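Overview (structure and organization)
The primary structure of each chain is shown beneath.
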Amino acid sequence: MNLKEMLQLADQIVFTKTGQHLDDLQAAVLRGTLQGQIYKKIARDLDCSESSVRNAGSQLWRILSEELGEEVSKTNFRSTMERLQSSNANVLNFSRVNNIFNICGDTPHSPNIPNSNRPTEQTSNSQQPPIHQDLSEMPELGAFYGRTGELENLTNWILQQSCRLIALTGISGIGKTTLAVKLVQQIKDEFECVIWCSLEASPTLAEFQDRLHHFFSPSENPDTPKIKSGPLPLIKYLQKSRCLVVLDDAHHLFSSGELAGKYKAGYEDYRSFFQQVEKLYHQSCFVLIGWELPREVAKENSQTTPIKILQLAGVDREAGRAILRDYGLANLKNESALLDGYQGNPFWLKSVASLIQEVGLGVTDLFPNHPILLPEDLKDVFQEQWERLSEIEKQVMCRLAQESEPVNLAKLLENVTMPPSDLLNALQSLSRRCLIEKQDNLYRIYRAFGQYIAGL
Ligand SMILES: Nc1ncnc2c1ncn2[C@@H]1O[C@H](COP(=O)(O)OP(=O)(O)O)[C@@H](O)[C@H]1O
Ligand SMILES: [Mg+2]
């Protein structure tokens, strides 16, 4: 630990106690002390009286002693700083003192200050620092079945591997939000700050940062100048505290009618923000949820990056059966066909279960060979996704919808009238949107979606 680092640490402790950083005299006293100088020499170098240096020194030792709960003096100042550093060696920039980080010289996070503008919760016990939470936008968790493996993976990535950015993707209705709610409920106590933000209203980066800024510094006067737009300021908070930030409905950041993951005009600065979240050191975790991901995130998924992508498939049969049971559809005739037809998508299953329940159980008997019914709310969901596609993606989807079996690239190339590079771009984009599945070099679309397209 060098002199500058010791001074930084002392500055943070003093700031935590007094709300003020070291002034020039105090800094000079500490610097001189660390260099083994007596007060007289420090005073001479500063060209001031020895008594003022002595006074500044004794005030500092008092502040440090009170804040650290142990006697700190001119003789043990260096060893105290070194001991603090080594006891926090695993923590960023040796600056964690009494659970308060202040690497950047900002106002330290003050979890006990209530936020009158937004419902937040603070929980505490005598061992742990209080958790600062804003889960006002997190949906309530209803029935939850299956997903044990997915929860294990996510928990491992976040808590054991300290991944900074986790992307949770999958077709609409597959259960991304629900899984994330369950995850947050299970791991939130491991974080100092937890916030759930929906991007449904398409906030600009500046608006989003503003929201987080108020969350992290609730005591700040709203009339004071806002955080500058640009990614760096927000990253400071993620460095200061261990935060879990969930961003749901991320697809609202991207353009319609383009290949997947192209930012809408005015939203491009999210790109550098997500890059910062990935590249800069911090101790927080972002969970990004959506059926479309930023391109820079979609292409990363290696062992070596702090990004992980989980693409959700349908729930297993047992969970699917449990969902049907909740609608009074236990032991339904055609149950297997129904579960296969909707490929374990919980929303699709709920939608059709509700239709069957309302119309009467006999409805599946009417379509013994066509278990894929398309209730109106399901059509609406498909329409929303269909309208976002680019023209080349629509062509490929129409082509795939005509196939009852998965097809390979060669066959697709024979049957679509577009340059091969367009076809490849469309396939990449559709798989990023989770609208097509690729297995053993064969492509296929979800059967329910295929049926919707066939009816267009
Ligand atoms: N594991 C699950 N068990 C039971 N119901 C689920 C499960 N996952 C999702 N659902 C239900 O399916 C519907 C769609 O889930 P949601 O999480 O909103 O999907 P997504 O965010 O992927 O669009 C919701 O009504 C939700 O309650
Ligand atoms: Mg969702």
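Quantities reported herein were computed from a predicted structural model and do not represent experimental measurements. Along each chain, residue indices are assigned from 1 in the same order as the chain's sequence is written. Lettering for chains starts from A, numbering for ligands starts from 1, and both go in the order in which the items are written. In view of the model being predicted, local features appear only for residues whose pLDDT reaches at least 70, and side-chain atom pairs are presented and counted only at 80 or more, with totals across whole chains, interfaces and linings using the full set of residues.

Considerations on the packing of helix H1 (residues 3-18) against helix H4 (residues 50-68)
We count it as follows: Interaxial angles span 0 to 180 degrees and are taken between N-to-C directions of axes, which are lines fitted to C-alpha atoms, for helices over the stretch in contact. Helix numbers and strand numbers start at the N terminus; a helix is a DSSP run of H or I with at least 4 residues, a strand a run of E with at least 2. For classification purposes, angles smaller than 35 degrees are called roughly parallel, those larger than 145 roughly antiparallel, those between 65 and 115 roughly perpendicular, and all remaining angles oblique. Contact between two residues is assigned when their C-beta atoms, built from the backbone, lie within 7 Å.
The interhelical angle for the contact between H1 and H4, taken along N-to-C directions, is 80°, at an axis separation of 9 Å. The pairing of H1 with H4 is recorded here as roughly perpendicular in orientation. Across from Ala10, Ile13, Val14, Thr16, Lys17 and Thr18 in H1, the residues of H4 making contact are Ile63, Leu64, Glu66, Glu67 and Leu68.

A few points about the site of ligand 1
Condition: Here, nearness means that the C-beta atom of a residue, built from backbone geometry, sits within 6 Å of the molecule or strand in question. The split into domains, and so the bounds of each, comes from an automatic or database assignment of domains.
Residues in contact with ligand 1 amount to 20 residues; listed here are only the nearest, Gly175, Lys176, Thr177, Thr178 and Pro346. Of all the secondary structure elements, the ones that give two or more residues to the shell around ligand 1 are helix H7 (176-187), helix H12 (317-326) and helix H14 (346-359). Formed jointly, the shell around ligand 1 draws a minimum of three residues from each of two domains, domain 2 (131-311) and domain 3 (317-373).

Considering the nonpolar core
One broad trend across soluble globular proteins is that nonpolar side chains are buried collectively. Under the convention used in this document: In this description, a nonpolar core means buried residues of the types Ala, Val, Leu, Ile, Met, Phe, Trp, Tyr and Cys, linked to one another by C-beta atoms lying within 7 Å. Between the buried cut of 20 or more and the exposed cut of 12 or fewer other C-beta atoms within 10 Å of a residue's own C-beta lies the partly exposed class, and all C-beta atoms are placed from the backbone.
Membership of the largest hydrophobic core comes to 88 residues, with the highest contact counts inside it found for Leu165, Ala180, Val184, Val246, Leu247, Val287 and Leu288. When sequence neighbours within four positions are dropped, the list of residues in contact with Leu247 reads Cys197, Leu199, Phe286, Val287, Leu288 and Ile289.

Quick notes on helix H17 (residues 391-401)
Where we set the bar: By definition, the arc is the one covered by directions from the helix axis to the C-beta atoms.
Buried residues of H17: Glu393, Val396, Met397, Arg399 and Leu400, and no others. Burial along H17 is one-sided: seen end-on, the buried residues are contained in an arc of 160°. In the core, the buried residues of H17 are packed alongside strand E8 (407-408), helix H18 (409-415), helix H19 (420-432), strand E9 (436-439), strand E10 (442-445) and helix H20 (447-454).

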